[in-house]
Amino acid sequence: MKEKISLEKLPGQLNRSKPVLLLILAFMYLVMLYCNMKTNLLADDFMYCFSFADGSRMESLSQLIPSMAAHRLTMNGRLISHGLVQISLMLPLWIFKLFNSAVFVGEVYLVYRIALGRQERNNLLLLCIFGCIWIFTLNFGQVILWQDGSINYLWATFFSLLYLTVYFRKFLYDRDIKSLPGRLLYIIAAFLIGAYSENCASTVIFLSCCFMLLSRFLKKQKIAPYLWIAVVFALGGFAFMMTAPAQIANKSSQFTVSNLFDNFVTALEMYRRIWTPLVVYTVLAALAYSRRVDRDRQILAALLMLGSLAAVFVLTFASFFPERSAYIGTLLIISADAVLFAALFENIKLRPLVTALGAICLMAALYKGSIGVQDIVKTNYYLTENEKQIVACREEGIMDVEVYRVYSSTGYCALEGLGYLNTEVADSWPNKYMAAYFGVDSIIGG
């Protein structure tokens, strides 16, 4: 009889097991490291290997400030993210891949901790968050694996969510940063977050204000001045980014009624493509309300959902609206689902239903993940063969090189949607930067 009872409790014990949680995190890291290692430099990566000031190869930190100053005049105002891109490209590439894998796993774990709150450990929840990111991220490869893209989108979202945890904890638990140095560092971080990414910054500022207002007027908490000051500094960073001459020039040329409407329709299309987590949120929110789940958890989920909408639809005013820009909106809706999933899992009567939902998610993630990894590995093989050919031609004194064009079949590969090489004009993007990187006169796609 004792053996039967222990077997019945085994699933619950595994779900709450810390060693199992550590194994899951290790598994996620190894999967992401493998995918990172199988991702080549692409497109803008080659361009950011060179200084925007004088076109020289980036080899020391002393070149960074002049390069980013020129970048502010000619490209856009995202100096923090693109500065990090140029620093990462000066280092051995494997360092970035190790760190980028850690950022991804850190982001999954951060969403997990936000969703879990003070409830007991839930390994199924952790796996489901990982699976949802694999399933629902638009242009997964460009957001998670591409060197330039991941620093601009994956890292931006991670830093934004990490920054917002201070406001989450204030609202949920009335917890503040206690030390003066900690508060000062947080205020400085607010400026950097505000200057990092357009829609991430605007979403962070919006959600920070929402949580402060709810903390003050709904929960009657005292708001420490550093929280308001941080918002002001985030606005300052945002203004610094948006007033870059290149940013203003891009806006002025694109800010028309026609473009605004086109971007709004694009935002709607983004949400159509991630309709599943939106439907899941609606169902879980209805269940949470009917079952009188903790009010604060319901509000947290609702505000994360509202932040998701804000993060995507603010791109209506963007001059350039690639699908990867919607990543923070996707992650916030996944976070909202995770908060409700964790809360409803505590209800014994609803646990079988929630567990079944989690099982469906994991099966879909296994299918999608297998297809994605296959495409990443296949594309890496052909790109690497082309790189070997370029190097071999250079060593033989052949300085004008033609290589086969490479195509990917899914968005899990960073190449999908980026374009590889121009087939007609060698002195074009990204051909000329790729040629300069490999030390040949020209490269063209065949």
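The preceding data block contains the structure.
Rules used in this analysis
- Each residue is numbered by its place in its chain's sequence as written, counting from 1.
- Reporting in this predicted model follows two pLDDT cut-offs: at least 70 for local features of residues, and 80 or more for side-chain atom pairs to be given and counted; totals over whole chains, interfaces and linings ignore these cut-offs and use all residues.
- Where side-chain values are given, they derive from all heavy atoms of the structure, hydrogens and water being excluded.
- Counting from the N terminus, the helices are DSSP H or I runs at least four residues long and the strands are E runs at least two residues long.
- Radius of gyration: over C-alpha atoms. The globule rule applied is 2.2 Å multiplied by the number of residues raised to the 0.38 power.
- Burial classes: relative accessible area under 20% of the type maximum marks a residue as buried, over 50% as exposed, and values in between as partly exposed (1.4 Å probe, protein chains only).
- It only takes one pair of heavy atoms within 4.5 Å for two residues to be counted as in contact.
- The accessible surface values rely on the Shrake-Rupley method and a 1.4 Å probe; as for residues, cover is taken only from the protein chains in view.
- Charge counting treats Lys and Arg as positive and Asp and Glu as negative, with His and both chain ends excluded.
- By convention, charge coordinates are those of NZ in Lys, CZ in Arg, CG in Asp, or CD in Glu.
- What goes into a patch is any residue over 30% in relative accessible area without a salt bridge, connected to like charges within 9 Å or, for nonpolar side chains (Val, Leu, Ile, Met, Phe, Trp, Tyr), within 5 Å.
- Whenever Lys or Arg places a side-chain nitrogen within 4 Å of a carboxyl oxygen from Asp or Glu, that contact is recorded as a salt bridge.
- When DSSP finds at least two bridges between two strands, those strands are taken to pair.
- Crossover handedness is defined by viewing with both strands directed away from the observer: a clockwise path from the first strand over the helix to the second marks the crossover as right-handed.
- Each helix should span, by expectation, one fewer than its residue count multiplied by 1.5 Å.
- With a 1 Å grid spanning the protein atoms alone, the term cavity applies to any set of points in which a 1.4 Å probe fits but cannot get out, the term pocket to an open set with protein on both sides within 12 Å along at least five of seven lines, and the term lining residue to any residue with an atom within 4 Å of a point.
- Grid points are joined across faces, edges and corners, and a volume is the space filled by probe spheres set on the points.
- To get an axis, a line is fitted to the C-alpha atoms, and for a helix only the part in contact is used. The angle between two axes follows their N-to-C directions and goes from 0 to 180 degrees.
- We call a crossing left-handed when the near helix sits turned anticlockwise from the far one by less than a right angle, and right-handed when that turn is clockwise.
- Polarity classes work like this: nonpolar for Ala, Val, Leu, Ile, Met, Phe, Trp, Tyr, Cys and Pro, charged for Asp, Glu, Lys and Arg, and polar for all others, with Gly in that last group.
- We define a polar contact as two N or O atoms separated by no more than 3.5 Å, with the added condition that, inside protein, one atom must be a possible hydrogen donor and the other a possible acceptor, whereas residues neighbouring each other in sequence contribute only through side-chain atom pairs.
- Note on terminology: disulfide denotes any pair of cysteine sulfur atoms within 2.5 Å.
- Between 30 and 60 degrees the pair is tilted, below 30 it is stacked and above 60 it is edge-to-face, where a pair is any two Phe, Tyr or Trp rings, Trp via its six-membered ring, whose centres lie within 6.5 Å.
- Note on criteria: charge over ring means Lys NZ or Arg CZ within 6 Å of the ring centre, with the direction from the centre no more than 35 degrees off the ring normal.

Colleague: Account for the overall build of the protein, naming residues and giving values.
Modeller: When helices and strands are tallied, the protein shows 19 helices and two strands. The C-alpha atoms of the protein give a radius of gyration of 23 Å, which matches the 22 Å a tight globule of 446 residues would have. Its C-alpha atoms put the protein at 75 × 55 × 45 Å along the principal axes. Sorting the 446 residues of the protein into buried and exposed places 52% on the buried side. Taking all contacts inside the protein whose residues are at least 6 apart in sequence as the whole, residues at least 24 apart take part in 77%. Put simply, the protein shows about 20400 Å² of open surface, and 66% of that area lies on carbon and sulfur atoms. For the protein, the centre of its 38 positive side-chain charges and the centre of its 30 negative side-chain charges are spaced 17 Å apart.

Colleague: Outline a positive patch on the surface, supporting the account with residue identities and numerical values.
Modeller: Taken together, the side chains of Lys18, Arg113, Arg118, Arg121, Arg169, Arg175 and Lys178 make up a positively charged region of the molecular surface. With respect to the helices and strands, the residue lysine 178 is situated in the loop between α9 (147–173) and α10 (180–194).

Colleague: Explain the pairing of strand β2 (residues 442–445) to me, and be specific about the residues and the numbers.
Modeller: Alternating positions in β2 separate into two faces, Ser442 and Ile444 on one and Ile443 and Gly445 on the other, with burial throughout. In the sheet, strand β1 (residues 400–403) pairs with β2 via four bridges, with the strands oriented parallel. When the sheet's bridge partners are listed, valine 401 is paired in β2 with isoleucine 443. In this fold, the crossover linking β1 to β2 by way of helix α19 (residues 431–438) has right-handed handedness.

Colleague: Explain helix α18 (residues 351–395) to me, using residue names and the numbers behind them.
Modeller: Taking 1.5 Å as the rise per residue, α18 with 45 residues should run 66 Å; its terminal C-alpha atoms sit 63 Å apart, in good agreement. In the segment just after α18, glycine 397 is the residue with positive phi, at about 85°.

Colleague: Describe the layout of surface pockets, naming the residues involved and giving the relevant values.
Modeller: By volume, the second largest pocket amounts to about 450 Å³. Cys132, Val280, Asp337, Leu357 and Cys361 are, among the 24 residues lining the second largest pocket, the residues nearest its centre. Listing elements by their share of the lining of the second largest pocket, those giving two or more residues are α7 (123–136), α15 (275–290), α17 (327–345) and α18.

Colleague: How would you summarise the pattern of salt bridges if you had to cite specific residues and measurements?
Modeller: One side chain can pair with another of opposite charge once the charged atoms of both are near each other. Inspection of the entire model under this criterion finds ten salt bridges. Taking the shortest distance from any N to any O, the salt bridge between glutamate 120 and arginine 16 comes out at 4.0 Å. Note that glutamate 120 is positioned in the loop between α6 (93–116) and α7 and arginine 16 in helix α1 (residues 2–16), a separation of 104 residues in sequence. The partly exposed category is assigned to glutamate 120, whose relative accessible area is 38%.

Colleague: Describe unusual backbone geometry, and please don't skip the residues or the numbers.
Modeller: In this model, tryptophan 429 is joined to proline 430 through a cis peptide bond whose omega is -5°. Summarising the element assignment, proline 430 is placed in the loop between β1 and α19. The phi dihedral of alanine 43 is positive, around 50°, even though this residue is not glycine. Along the chain, the position of alanine 43 falls in the loop between α2 (18–37) and α3 (44–47). The class for alanine 43 is buried, based on a relative accessible area of 4%. With a phi close to 55°, aspartate 174 is a non-glycine residue in the positive phi region. As for its placement among the helices and strands, aspartate 174 is situated in the loop between α9 and α10.

Colleague: Explain the packing of α15 against α17 to me, using residue names and the numbers behind them.
Modeller: It is the contact of α15 with α17, at a shortest axis distance of 9 Å, that shows an interaxial angle of 35°. Between α15 and α17 lies a crossing of left-handed hand. Taken together, the residues of α17 that come into contact with α15 (itself represented by Pro277, Leu278, Val280, Tyr281, Leu284, Ala285, Leu287 and Ala288) are Ile333, Ala336, Asp337, Leu340, Phe341 and Leu344. Of the residues in the contact of α15 with α17, the class split is 13 nonpolar, no polar and one charged.

Colleague: Quick rundown of the side chain of asparagine 40? Include the residues and the values.
Modeller: Tracing the chain through its elements places asparagine 40 in the loop between α2 and α3. Separated by 3.0 Å, the side chains of asparagine 40 and asparagine 380 make a polar contact. Among the polar contacts listed, one links the side chain of asparagine 40 to the side chain of threonine 384, at a separation of 3.4 Å. Contacts of asparagine 40, omitting those with residues within four sequence positions, involve Asp45, Asn380, Leu383, Thr384 and Glu387.

Colleague: Lay out a nonpolar patch on the surface in plain terms, naming residues and giving numbers.
Modeller: A grouping of Leu185, Ile188, Phe191, Leu192, Ile229, Val232, Phe233 and Phe240 is seen on the molecular surface, where their side chains present a nonpolar patch of about 700 Å² in accessible area. Put simply, the parts of the chain that give the nonpolar patch at least two residues each are α10 and α12 (225–242). The exposure class assigned to valine 232 is exposed, which follows from its relative accessible area of 54%.

Colleague: Which residues make up helix α5 (residues 79–90), and what values do they have?
Modeller: Residues that lie three or four places apart on an α-helix share one face, since the helix turns once every 3.6 residues. Over its twelve residues, α5 extends 16 Å from the first C-alpha to the last, a length consistent with the 16 Å expected when each residue adds 1.5 Å. Looking at α5, one finds that the buried residues are Leu79, Ser81, His82, Gly83, Val85, Gln86, Ser88 and Leu89. Looking at the packing, one finds that the buried side of α5 touches α3, α4 (64–74), α6, α9 and α12.

Colleague: Requested: an account of the state of the cysteines, with residues and values cited.
Modeller: For the structure on display, the rule yields zero disulfides. As a non-bridged cysteine, cysteine 49 has cysteine 413 as the owner of its nearest cysteine sulfur, 18 Å distant. Just so you know, cysteine 361 is unpaired, no disulfide at all, and the nearest cysteine sulfur is the one on cysteine 132, 3.7 Å from it. By relative accessible area, cysteine 361 is classed as buried at 12%.

Colleague: Report on the packing of aromatic side chains, specifying residues and quantitative values.
Modeller: Here a ring pair, both rings aromatic, is described through the centre-centre distance and the interplanar angle of the planes. Considering all chains together, one arrives at 27 aromatic pairs under this definition. A ring pair is formed by tyrosine 271 and phenylalanine 313, whose centres lie 5.9 Å apart and whose planes are at 5°; its orientation type is stacked. Note that tyrosine 271 is positioned in helix α14 (residues 257–273) and phenylalanine 313 in helix α16 (residues 295–313), a separation of 42 residues in sequence. When its relative accessible area of 21% is taken as the criterion, phenylalanine 313 is described as partly exposed. Directly above the aromatic system of phenylalanine 217 lies the positively charged group of arginine 216, at a separation of 5.6 Å from the ring centroid. Residue placement shows lysine 219 over the ring face of phenylalanine 171; its charged tip is 4.9 Å from the ring centre.

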